[in-house]
Number of protein chains: 2
Amino acid sequence: MDDLSKRGFLAGGVSAGLLAAAPFEALAQAKAEGRKLGYAMLGLGYYATRIIMPRFAECEHARLTGLVSGTPEKLKTFGEQYGVPEKSRYSYETFDRILDDPSVDIVYVVTPNSLHRTFTERAAKAGKHVMCEKPMATSAADAQAMVRACKAAGRKLMIGYRSRFQPHNVEAIRLARSGAVGPIRTIVADHGFTAGDPNQWRLKKALSGGGSLMDIGIYSLNATRYLTGEEPVAVNALESTDRSDIRFKEVEDTIAFQLAFPSGATANCFSTYSANCNRYRVSGPKGWIDLDPATPYEGQAMRTRIGGKTETWTPPTGAKSQFAGQLDHFADCILTGREPIVPGEEGVKDMKVIEAIYRAAREGRTVKL
Amino acid sequence: MDDLSKRGFLAGGVSAGLLAAAPFEALAQAKAEGRKLGYAMLGLGYYATRIIMPRFAECEHARLTGLVSGTPEKLKTFGEQYGVPEKSRYSYETFDRILDDPSVDIVYVVTPNSLHRTFTERAAKAGKHVMCEKPMATSAADAQAMVRACKAAGRKLMIGYRSRFQPHNVEAIRLARSGAVGPIRTIVADHGFTAGDPNQWRLKKALSGGGSLMDIGIYSLNATRYLTGEEPVAVNALESTDRSDIRFKEVEDTIAFQLAFPSGATANCFSTYSANCNRYRVSGPKGWIDLDPATPYEGQAMRTRIGGKTETWTPPTGAKSQFAGQLDHFADCILTGREPIVPGEEGVKDMKVIEAIYRAAREGRTVKL
């Protein structure tokens, strides 16, 4: 069995059902063979090159095998640095030829938000599985189209919700859902940074689709959903943007939003480009779980207060980084025919709430979901 | 000049303008004489007897000279403990005779909320200045009536917003308003505790006027107002109450509210009877100010992060307690003819916002103020 047909067998949509019955065998086999799935990074900006790419070295099931960029110098520099051969370096024009590149199993889309949909669709059409950064798209409709495109192509789609693979967050989820604080009653989640360069793509609506909520506030939103394991049913929001500030001509600065969950849990969240914050707290009658910072690239800190006792939690030494965890998880899912814990549908859910938040702010009313 | 006529001169509404021109002389004179104004405590529950009354010993301008209670044993016990003579111990029936008691300058109303109005009005009618606990009343209309009653009687009215005299809070206000964090962009304020005994008056609507918002959430609200020095112009809210819980048959448990301020600052606040929390954070582009806990009886802790540097702030040793500060401030205002920093009007403002919060939650819309 050559590499391509093996990949076809292991990763194909048709065989997923079969593999689901024997995931451990398949994984064990791949591991035994030392086989790693190949990722092509699409969009070689800061996050891809500085944060993600160095982490392949840490991966058990993933390796970097392709590069896609509009900048030839980047293709050359990073191609040489990571040993990606010229034949697996693509421009956005030549990208679709990746169809014929057996070294690439997965395309990881790390472009400005408004390009996520088109590259996800093109990657799926080229027979590749797709990892796409958050926010998944600039609208729920686009996000849903992406899910459909990947399904039609028989390929998997996962969204880059790295915190789901970050040890402190994983422990917070476990504690919160295990009833450690009693029924969750309140969540406070604040994410923001002070936006600098007014020319960055994040501040251009055509590229970003929106302001701080799309970029950083989505961490507050996503945290409320993963901590509760529930979907919000009602949303309030207040936006505060100084439109005379050159940075905020096109997108919102600060948006404060509230979410009501079916269990009775309520969340107060901030999203802002005018203050540095990155934290959440989950509370109930028995205590609270506090992450501050909660979702940075590194440096998470966790305190709990349960039964009147305040404690600091630290992960076991040598725990895999969130980045390697995310890359490996998707490869593992493909190898074993399972669905990722953060599939395209997860991104769609966030996009629907994001649209409800904008609507609530605009219309000055509670929006029901 | 005997004690009564001197008090009449110094404290009377008519002479306030005159005194305002020479407050320091009057204060200096009172201080020189070692004269302290007399407080009668009305309502001898936990807060009055355990928290406030022991603090008169610390006061420069205030002393305990009267007691009002429906429980004769309490009058006897505390009267003896604090040296309040029998003639200055009153039942609620005999209370109005306090008119003829020259030892009492101020009545401090510490009853369940729904009784604040009537006792404030009776005290003013008896010629006494009034300190009234928060929430000032159970409606904005009642609160306004209390302001009118005291004005009509030519007596001062102050609300027991003790945090305004608490060193960490005073420093936070100074920092926040001085622009230490830049323009204030976000405030998070959370106050709550787990309500126990289902029979306590706080959970009876006829006595409390409402649930956690009236009792503990008002600290979140008041903090947003004193930190910004502004009045909110728009309010959102989500209520979450399990009405099958015997504690919450009559009043709300958790209410999450959002406030928009004219400067563009936005606040996310929690008020709850289902989790222990007592903190706020004020943020702007230059950093943040963090109090956790923020408004307990004691034990406040403050951290700031400004210009990339995290610091802990502690008050100078020997700083006066918030309780003595509050008692002395009102006495000082009366002695010098000044208005308290938290007059009845301050309580009215909170009550108006509280009503807007309830309305926003009930009607599912942003309420403008």
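Just so it is clear, the model here is predicted, and its values are computed rather than measured.

(A) Structural detail: the overall build of chain A. Helices and strands together make up the secondary structure of chain A, namely twelve helices and 15 strands. What you see for chain A is a C-alpha radius of gyration of 21 Å, in line with the 21 Å of a compact globule of 369 residues. If you line up chain A on its principal axes, its C-alpha atoms span 60 × 50 × 35 Å. Counting across all 369 residues of chain A, residues that qualify as buried make up 56%. In chain A, the proportion of contacts linking residues at least 24 apart, taken out of those at least 6 apart, comes to 70%.

(B) Region of interest: the sheet that holds strand 15 (residues 367-368) of chain B. Residue and element names in this part refer to chain B. Pairing is mixed across the open sheet formed by nine strands, whose spatial order is 14-13-12-11-7-10-9-8-15. Edge positions in the sheet fall to strand 14 (309-313) and strand 15, since each has one partner strand and no second. Looking at chain direction, strand 12 (residues 287-291) and strand 13 (residues 302-306) are connected through five bridges and run antiparallel. Within strand 13, the residue paired with G287 across the bridge is I306. Docked against the sheet, helix 12 (residues 344-363) engages strand 8 (234-240), strand 9 (254-260) and strand 15, running at close to 60° with respect to strand 8.

(C) The arrangement of the environment of D96 of chain A in detail. Residue and element names in this part refer to chain A. With respect to the helices and strands, D96 occurs in the loop between strand 3 (89-90) and strand 4 (106-109). C-beta crowding within 10 Å serves as the criterion here: with 13 such atoms nearby, D96 is assigned to the partly exposed category. In this structure, the C-alpha to C-alpha distance between D96 and D253, residues 157 residues apart in sequence, is 37 Å. With residues up to four places along the chain from it excluded, the contact list for D96 reads R122 and A126.

(D) Geometry of the relation of the copies chain B and chain A. The two copies are related by a screw motion: chain B maps onto chain A through a turn of 180° and a shift of 0.0 Å along the axis, at an RMSD of 0.0 Å. On the angle and the small slide along the axis, the relation comes out as a two-fold axis. Among all residues of chain B, the one whose C-alpha sits closest to the rotation axis is R365 of chain B, at a distance of 1.9 Å. Looking at chain B, 100% of its interface residues are interface residues in chain A too, so the copies touch through the same face.

(E) Molecular detail of the interface of chain B and chain A. Contact with chain B, which involves 29 residues of that partner, is made by 29 residues of chain A. Every element with two or more residues in the side of chain B that touches chain A is listed here: strand 7 (186-192), strand 8, strand 9, strand 10 (266-272) and strand 11 (277-284) of chain B. Residue classes in the side of chain B that touches chain A are distributed as ten nonpolar, 15 polar and four charged.

(F) Layout of helix 7 (residues 140-152) of chain A. All names here are of chain A. Given a rise of 1.5 Å per residue, 13 residues ought to cover 18 Å, and the 18 Å separating the end C-alpha atoms of helix 7 matches this to within 8%. What helix 7 keeps buried is the set D142, A143, M146, A149 and C150. Mapping the buried residues of helix 7 onto a view down its axis gives an arc of 120°, with all of them on the same face. Each element contacted by the buried residues of helix 7 is listed here: helix 6 (116-125), strand 5 (129-132), strand 6 (157-159) and helix 12 (344-363).

(G) Highlighting the domain arrangement of chain A. Residues and elements named next belong to chain A. When the domains of chain A are assigned, the result is domain 1 (3-159 + 323-343) and domain 2 (165-307). Between domain 1 and domain 2, the C-alpha centre-to-centre distance is 27 Å. Contacts between the two partners involve ten residues from domain 1 and, on the opposite side, nine residues from domain 2. Here the element with the most residues in the side of domain 1 that touches domain 2 is helix 11 (residues 322-336); it accounts for three residues. Each residue belonging to the side of domain 1 that touches domain 2 can be placed in one class, and the counts come to three nonpolar, six polar and one charged.

(H) Region of interest: the sheet that holds strand 3 (residues 89-90) of chain B. All names here are of chain B. Taken together, the six strands give an open sheet; going across it, the order is 3-2-1-4-5-6, and neighbouring strands pair in parallel fashion. In this open sheet, the two edge strands, each paired with only one partner strand, are strand 3 and strand 6 (157-159). Two strands pair when backbone bridges link them, and strand 2 (residues 62-68) and strand 3 are joined in this way by two bridges, in the parallel orientation. Along strand 3, the bridge assignment pairs L67 with R89.

(I) Looking closely at unusual backbone geometry. In this model, K134 of chain A is joined to P135 of chain A through a cis peptide bond whose omega is -10°. Looking at the element boundaries, P135 of chain A is found in the loop between strand 5 and helix 7.

(J) View of the pairing of strand 12 of chain B. All names here are of chain B. Of all five residues that make up strand 12, five are buried, and the element is covered over most of its length. Residues G287, I289 and L291 point to one face of strand 12 and W288 and D290 to the other, with burial holding for every one of them. In this sheet, strand 12 lies alongside strand 11 in antiparallel orientation, the contact comprising five bridges. Bridge assignment links G284 to a residue of strand 12, and that residue is G287. In this structure, the hairpin formed by strand 11 and strand 12 is closed by a connection of two residues.

(K) Quick peek at the nonpolar core. M41 and I357 of chain A together with M41 and I357 of chain B are the most contacted members of the largest nonpolar core, which has 202 residues in total. When residues no more than four places from it in sequence are discounted, the contact partners of M41 of chain A are A48, I52, M53, L64, L67, V68, Y108 and V110 of chain A.

(L) Geometry of the packing of helix 7 (residues 140-152) of chain B against helix 12 of chain B. Residue and element names in this part refer to chain B. Packing of helix 7 against helix 12 brings their axes to within 8 Å, and their N-to-C directions diverge by 170°. Relative to helix 12, the element helix 7 lies roughly antiparallel. Like other packed secondary-structure pairs, helix 7 and helix 12 cross with a definite hand, here left-handed. Here A140, A143, Q144, M146, V147 and C150 of helix 7 lie close against helix 12, whose contacting residues are G344, E345, G347, V348, M351, K352 and E355. Across the contact of helix 7 with helix 12, the residue classes tally to seven nonpolar, three polar and three charged.

(M) Examining the pairing of strand 7 of chain B more closely. All names here are of chain B. Counting buried residues along strand 7, seven of its seven residues qualify, which places the element largely inside the surrounding structure. Here strand 7 shows two buried faces, one formed by T186, V188, D190 and G192 and the other by I187, A189 and H191. Strand direction decides the pairing type here: strand 7 and strand 10, joined by seven bridges, are parallel. Residue pairing for strand 10: H191 is matched across the bridge by S271. Two strands pair when backbone bridges link them, and strand 7 and strand 11 are joined in this way by seven bridges, in the antiparallel orientation. Across the sheet, residue I187 finds its bridge partner in strand 11, namely V282.

(N) Expanded view of helix 10 (residues 212-228) of chain A. Residues and elements named next belong to chain A. Taking 1.5 Å per residue, 17 residues should reach 24 Å; helix 10 reaches 23 Å between its end C-alpha atoms and fits that length. Along helix 10, the sharpest kink reaches roughly 50°, centred on I218. In terms of residue burial, helix 10 counts as a mostly covered element, since 17 of its 17 residues are buried. Count one or two residues on from helix 10 and you reach G229, which has phi positive near 70°.

The rules behind these values
Residues numbered from 1 in each chain as written. Chains lettered and ligands numbered in written order. Predicted model: local features only at pLDDT ≥ 70, side-chain atom pairs only at ≥ 80, totals over all residues. Helix = DSSP H or I, 4+ residues; strand = E, 2+ residues; numbered from the N terminus. Rg over C-alpha atoms; globule rule 2.2 N^0.38 Å. Buried ≥ 20, exposed ≤ 12 C-beta atoms within 10 Å, placed from the backbone. Contact = placed C-beta atoms within 7 Å. Pairing = 2+ DSSP bridges. Axes fitted to C-alpha atoms, helices over the stretch in contact; angles between N-to-C directions. Least-squares fit on C-alpha atoms with pLDDT ≥ 70 in both. Nonpolar A, V, L, I, M, F, W, Y, C, P; charged D, E, K, R; others polar. Expected span 1.5 Å × (residues − 1). Arc of directions from axis to C-beta. Domains from an automatic or database assignment. Core = buried A, V, L, I, M, F, W, Y, C linked by C-beta atoms within 7 Å. Parallel < 35°, antiparallel > 145°, perpendicular 65-115°, else oblique. Left-handed = near helix turned anticlockwise from the far one by under 90°. Bend = angle between axes of the 7 residues up to and from the residue.

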